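Chain residues, written in single-letter form:
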Amino acid sequence: MKKLLLLLLLFLGLIGTASADIVETNTLKLKTLNACESCNLQVANLSGADLSGANLYKADLSGAKLYKADLSGANLSGANLSEAILRGANLHGANLHGANLSGANLSEANLKNVDLSGATLCNTITPWGTDNSGC
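Residues numbered from 1 in each chain as written. Predicted model: local features only at pLDDT ≥ 70, side-chain atom pairs only at ≥ 80, totals over all residues. Heavy atoms only, no water.

Novice: Quick question: what am I supposed to make of the pattern of salt bridges here?
Specialist: Side chains that differ in charge, positive against negative, can pair when their charged atoms come close. Inspection of every chain in the model, using the stated rule, returns one salt bridge. Between Arg-87 and Glu-108 there is a salt bridge, with its nearest N and O atoms 3.3 Å apart. One end of the pair, Arg-87, is in the loop between helix H1 (2-33) and strand E1 (124-126); the other, Glu-108, is in the loop between H1 and E1, and 21 residues separate them in sequence. Classification of Arg-87 as partly exposed rests on a relative accessible area of 31%. On the accessibility criterion, Glu-108 (57% relative accessible area) is exposed. (Salt bridge = Lys/Arg side-chain N within 4 Å of Asp/Glu carboxyl O. Helix = DSSP H or I, 4+ residues; strand = E, 2+ residues; numbered from the N terminus. Buried < 20%, exposed > 50% of the residue type's maximum accessible area, 1.4 Å probe, protein only.)

Novice: Whenever I open this one, the state of the cysteines confuses me. Can you help?
Specialist: A complete count under the given rule lists two disulfides for this structure. A sulfur-sulfur distance of 2.0 Å marks the disulfide that ties Cys-122 to Cys-135. In this structure the cystine formed by Cys-122 and Cys-135 twists about its S-S bond by roughly 105 degrees; its chirality is therefore right-handed. Taken as a pair, Cys-122 in the loop between H1 and E1 and Cys-135 in the segment after strand E2 (129-131) lie far apart in primary sequence, 13 residues in all. (Disulfide = S-S within 2.5 Å.)

Structure representation (structure tokens):
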């Protein structure tokens, strides 16, 4: 029983490492190509990054740190940004159509000309307060 538990813990540790490696690889891909469609960027630290015009269509950015990142004109349609930290981010002209922003922090973010149609806002901190319109 102890050996089985040890093997299980080792296996879970390897999965976590593999997942972290994927996120690191995808982060480098994004920074190099300014695009990473449908990729895993969960809990990636992209604070302060220049991602203006980036194509992040259907990317998983759940829990990502995007504090003060420049996402102006970025395509984030269908992206999962749940629990993401976008405080102070520049999203001017970004496409967030159909994005999941549940639990995201958008305080102090520039949301001018942002397409939020079909986006899920639930316990989302916005410049106008907590928005629960999509719960």
